Amino acid sequence: MKAQPDADKTLKMILSRLDDMKAEDTVTIDLRGKSAFSDYMVVTTGRANRHVGAIAENVAKGLKESGLKNPHVEGLPNCDWVLIDTGDVILHIFRPEVREFYNLERLWMQGPATAKAI
């Protein structure tokens, strides 16, 4: 049985697969020290539903080949927004309009100094 890859190795493999599949506007957010549930969040865009699905399937295949047995995948039937959770790395693959609507990067990249108290 293969050992589970560490977060940095998993991140590197995911980013390589995204590059191979021509994913667009890929952003990596370092969550270490900000979140207890994951080390990295990756947000990327596919041009259309089929592209989003192809990217997700390619990344999931790569994760399994690297020894990660069961990454959690959600959203594959519609392919508007596919989430792949490896535990150490969470990958969000969006269609452009859906990514713009949810704007996850803004949520996670804001520091405490930019938040306003009410």
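Residues numbered from 1 in each chain as written. Predicted model: local features only at pLDDT ≥ 70, side-chain atom pairs only at ≥ 80, totals over all residues. Heavy atoms only, no water.

**A look at the overall build of the protein**
1) Next: Regarding its fold elements, the protein presents 4 helices and 5 strands.
2) Next: Its helices and strands in sequence order give the protein the pattern α-β-β-α-β-β-β-α-α, from N to C terminus.
3) Next: For the protein, the proportion of its 118 residues judged to be buried stands at 41%.
4) Next: Relative to all contacts within the protein whose residues are 6 or more apart in sequence, the contacts with residues 24 or more apart total 58%.
5) Next: For the protein, the exposed surface amounts to about 7300 Å²; the carbon and sulfur share of it is 52%. (Helix = DSSP H or I, 4+ residues; strand = E, 2+ residues; numbered from the N terminus. Buried < 20%, exposed > 50% of the residue type's maximum accessible area, 1.4 Å probe, protein only. Contact = heavy atoms within 4.5 Å. Areas by Shrake-Rupley, 256 points an atom, 1.4 Å probe, with all protein chains shown as cover.)

**A word on helix H2 (residues 49-65)**
1) Next: Helix length check: H2, at 17 residues, gives a terminal C-alpha distance of 24 Å against a target of 24 Å (1.5 Å per residue), a fit within 8%.
2) Next: Along H2, the residues classified as buried are His51, Val52, Gly53, Ile55, Ala56, Val59, Ala60, Gly62 and Leu63.
3) Next: Packing partners of the buried residues in H2 comprise helix H1 (7-20), strand E2 (40-45), strand E4 (81-85) and strand E5 (89-94).
4) Next: Immediately beyond the C-terminal end of H2, within one or two residues, lies Gly67, with a positive phi of roughly 110°. (Expected span 1.5 Å × (residues − 1).)

**Some details on the pairing of E5**
1) Next: Of all 6 residues making up E5, 6 are buried, and the element is well covered by its neighbours.
2) Next: Judged by which residues are buried, E5 turns out to be covered on both faces: Val89, Leu91 and Ile93 on one side and Ile90, His92 and Phe94 on the other are all buried.
3) Next: Where E2 lies against E5, 6 bridges are found, and the strand directions are parallel. If you follow Thr44 over to E5, its bridge partner there is Ile93.
4) Next: Here E4 hands over to E5 after 3 residues, with Gly87 in that stretch at a positive phi of 100°. (Pairing = 2+ DSSP bridges.)

**With respect to the confidence of the model for the protein**
1) Next: Counting all residues, the mean pLDDT for the protein is 86, and 88% of those residues have values of 70 or more.
2) Next: Confidence drops under pLDDT 50 across residues 112-118; counting only partners more than four residues distant or on other chains, this segment forms 0 contacts. (pLDDT = per-residue confidence, 0-100.)

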